[in-house]
Amino acid sequence: QVQLVESGGGLVQAGDSLRLSCAASGRTFGGYVMGWFRQAPGKVREFVASIFWSGPNTFYADSVKGRFTISKDNRKNMVYLQMTSLKAEDTGLYYCACGRDANIPNPRGYTYWGLGTQVTVSS
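Looking now at the environment of Lys87. By the secondary structure assignment, Lys87 is in the loop between β8 (78-83) and β9 (92-99). With relative accessibility at 35%, the residue Lys87 sits in the partly exposed group. Sequence separation between Lys87 and Gly116 is 29 residues, and the spatial gap between their C-alpha atoms is 19 Å. Discounting residues that sit within four places of it in the chain, Lys87 has contacts with Arg67 and Val121.

Written as structure tokens, this is what we have:
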């Protein structure tokens, strides 16, 4: 079955950089959108970034645009989120997810989810 496993989270200071990884397995992901979402305690899950598995298209939330970069390695079935200039408000549990034919920033459109990796940014 499909499995998504995130890694790379940690505790960093504001202004630091961090790279998250998502190992995807269990199927061919052609036609899928691979995405990153995050959720802070007591808040709703929010869209961060996404990328077409079989294309170059990328999408970003306004809050991270210019600071975060999503990328992929199709041969390794990996999705990455390079985060720079981190802010305290970037703190949250970051989830890797994938789905097909849905509104990109809507978490309802993503069928499979990882368990998340924690990112904590201190001021």
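It is worth spelling out the packing of aromatic side chains at this point. Tallied over the entire structure, the rule returns eight aromatic pairs. Ring geometry for Phe37 versus Tyr110: centroids 4.9 Å apart, planes at 80°, classification edge-to-face. Of this pair, Phe37 sits in strand β4 (residues 33-39) while Tyr110 sits in the loop between β9 and β10 (112-113), and the two are 73 residues apart along the sequence. Relative to Trp113, the ring of Tyr95 lies with its centre 6.1 Å away and its plane at 80°, an arrangement referred to as edge-to-face. One end of the pair, Tyr95, is in strand β9; the other, Trp113, is in strand β10, with 18 residues separating them in the sequence. For Trp113, a relative accessible area of 26% translates into the label partly exposed. Grouped by ring-pair contacts, the aromatic residues Phe37, Phe47, Tyr95, Tyr110 and Trp113 constitute a single cluster. Its guanidinium or amino end placed over the ring of Tyr95, Arg45 lies 3.9 Å from that ring's centre, counting from NZ or CZ.

Here we take up the environment of Ala49. Within the secondary structure, Ala49 is located in strand β5 (residues 46-52). With relative accessibility at 0%, the residue Ala49 sits in the buried group. Separated by 11 residues in the primary sequence, Ala49 and Arg38 have C-alpha atoms spaced 9.8 Å apart. Here Ala49 is in contact with Met34, Gly35, Trp36, Phe59, Tyr60, Ile70 and Leu81, once residues within four sequence places are set aside.

Further remarks concern the state of the cysteines. A complete count under the given rule lists one disulfide for this structure. Each sulfur in the disulfide pair Cys22 and Cys96 lies 2.0 Å from the other. Note on the Cys22 and Cys96 pair: the S-S dihedral is about -75°, so by sign convention the disulfide is left-handed. Note that Cys22 is positioned in strand β3 (residues 18-25) and Cys96 in strand β9, a separation of 74 residues in sequence. Residue Cys22 is classed as buried on the basis of its relative accessible area of 0%. With a relative accessible area of 0%, Cys96 lands in the buried category. The cysteine Cys98 is free of any disulfide, with Cys96 supplying the nearest cysteine sulfur at 6.9 Å.

Scoring rules and cut-offs
- Throughout, residues of each chain are indexed from 1 in the direction in which the sequence is written.
- Selection of residues for local features in this predicted model requires a pLDDT of at least 70, selection of side-chain atom pairs for listing and counting requires 80 or more, and totals for whole chains, interfaces and linings are taken over all residues.
- Side-chain metrics in this entry use all non-hydrogen atoms of the structure; hydrogen atoms and water are not considered.
- Only DSSP runs of H or I covering at least 4 residues are called helices, and only runs of E covering at least 2 are called strands; the numbering of each starts at the N terminus.
- For each residue, the accessible area found with a 1.4 Å probe, counting protein chains only, is set against the maximum for its type, and the residue is called buried under 20%, exposed over 50%, and partly exposed in between.
- The contact criterion used throughout is that any non-hydrogen atoms of two residues lie within 4.5 Å.
- Only Phe, Tyr and Trp rings are paired, with Trp represented by its six-membered ring, and only when their centres lie within 6.5 Å; those with planes under 30 degrees apart are stacked, over 60 edge-to-face, the remainder tilted.
- Criterion for a charge above a ring: Lys NZ or Arg CZ within 6 Å of the ring centre, and within 35 degrees of the ring normal.
- Our working definition of a disulfide is a cysteine sulfur pair at a distance within 2.5 Å.

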